[in-house]
Amino acid sequence: QSSQPWGLSESLQEDFSILKVSLVALQNSFIVGKLEKFLQKDVNEEYLLSDKILLKYNKILDIVTSVSERSCCFTKAYGQYFEGTGSVLQQCGDLDAAYARIQPLENEDNEILETLASLKLRLFTGLEIAKLLGFPASFDFPEESSRKQQYRTLGNSLNVNVVAILVHFLILS
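This structure is a prediction, so every number in the text was calculated from the model and none was measured.

Let's shift gears to the pattern of salt bridges. Applying the stated rule across the entire model yields 4 salt bridges. Residues Lys 34 and Glu 69 are paired through a salt bridge, measuring 3.7 Å at the closest nitrogen-oxygen approach. Taken together, the residues span a long stretch of sequence, with Lys 34 in the loop between α2 (17–29) and α3 (51–57) and Glu 69 in the loop between β1 (63–64) and β2 (88–90) at a distance of 35 residues. Residue classification places Lys 34 among the partly exposed residues on the basis of a relative accessible area of 32%.

Across the sheet, 3 strands lie side by side as β1-β2-β3; this open sheet has mixed pairing. In the strand order of this sheet, the two ends are held by β1 and β3 (121–122), each with one partner.

Along the chain, Thr 75 falls in the loop between β1 and β2. If near-sequence neighbours (up to four positions away) are discounted, Thr 75 is found in contact with Gly 84, Thr 85, Tyr 151, Gly 155 and Asn 156.

With that settled, the discussion passes to the side chain of Ser 145. Take Ser 145: it is sitting in the loop between α6 (126–132) and α7 (147–154). A relative accessible area of 17% means that Ser 145 is categorised as buried.

With that settled, consider helix α8 (residues 160–172). Here α8 is 13 residues long and its end C-alpha atoms lie 18 Å apart, about the 18 Å a rise of 1.5 Å per residue gives. For α8, the complete set of buried residues consists of Asn 161, Ile 165, His 168, Ile 171 and Leu 172. Take α8 and look down its axis: the buried residues cluster within an arc of 140 degrees, on one side only. In this structure, α8 carries Leu 166 and Leu 170 as exposed residues pointing more than 90 degrees from its buried face.

On to the packing of helix α4 (residues 95–102) against helix α5 (residues 109–117), then. At a minimum axis distance of 9 Å, the contact between α4 and α5 shows a crossing angle of 175 degrees. When the axes of α4 and α5 are compared, the pair comes out roughly antiparallel. Side by side, α4 and α5 meet where Ala 98, Tyr 99, Arg 101 and Ile 102 of the first sit next to Glu 111, Ile 112, Thr 115 and Leu 116 of the second. In terms of residue class, the contact of α4 with α5 is made up of 5 nonpolar, 1 polar and 2 charged.

Here the focus is the nonpolar core. Judged by nonpolar contacts, the single largest core of 33 residues is most densely connected at Leu 49, Leu 61, Tyr 78, Leu 123, Phe 124 and Ile 129. Counting only elements with at least two residues in this core, the list comes to α3, β1, β2, α4, α5, α6 and α7. When neighbours within four sequence positions are excluded, Phe 124 is seen to be in contact with Leu 35, Leu 39, Tyr 47, Val 64, Phe 74, Tyr 78, Ser 87, Val 88, Leu 89, Ile 129, Leu 132 and Tyr 151.

The next thing to look at is unusual backbone geometry. The phi dihedral of Asn 107 is positive, around 55 degrees, even though this residue is not glycine. Along the chain, Asn 107 falls in the loop between α4 and α5. The phi dihedral of Asn 156 falls on the positive side, at around 65 degrees, and the residue is not glycine. The residue Asn 156 is located in the loop between α7 and α8 in this model.

Parameters at a glance
- Residues numbered from 1 in each chain as written.
- Predicted model: local features only at pLDDT ≥ 70, side-chain atom pairs only at ≥ 80, totals over all residues.
- Heavy atoms only, no water.
- Salt bridge = Lys/Arg side-chain N within 4 Å of Asp/Glu carboxyl O.
- Helix = DSSP H or I, 4+ residues; strand = E, 2+ residues; numbered from the N terminus.
- Buried < 20%, exposed > 50% of the residue type's maximum accessible area, 1.4 Å probe, protein only.
- Pairing = 2+ DSSP bridges.
- Contact = heavy atoms within 4.5 Å.
- Expected span 1.5 Å × (residues − 1).
- Arc of directions from axis to C-beta.
- Axes fitted to C-alpha atoms, helices over the stretch in contact; angles between N-to-C directions.
- Parallel < 35°, antiparallel > 145°, perpendicular 65-115°, else oblique.
- Nonpolar A, V, L, I, M, F, W, Y, C, P; charged D, E, K, R; others polar.
- Core = buried A, V, L, I, M, F, W, Y, C linked by side-chain atoms within 4.5 Å.

The following block contains the structure:
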């Protein structure tokens, strides 16, 4: 009987020995912490949520800030649908105060919109999502790719660093 995990032959085990070295390098390259480390500067206003989206989905959005340390999973429907497809970024204002102000308002769309617009809620860019998923800083999309194509490409992806660690433990543990 083999003493290797799951009965792997020793030669096969040696083939995966490079993972151990890669894992150490990978752990040293992790970017963790606040979302601000993953955000682009001067994002185009086209990423701001439209009035229609603000009015329809304001009660179900997962809203994060640059100092948040988490976001929801981004799906390939991000930017098309707003229920459970990923977080949106609050760029200004006081979220609790804004929602306290709009809670008693019914059918006063202009006031609700004015309050929500002050938060400057926007979608994450494709490159920001790629950074959150552990793609290297050198990663970029082809120039001709649309925002929708970028979201579809990244949607339902796994963080490459997490997958590398899982593979390491699956093979070597």
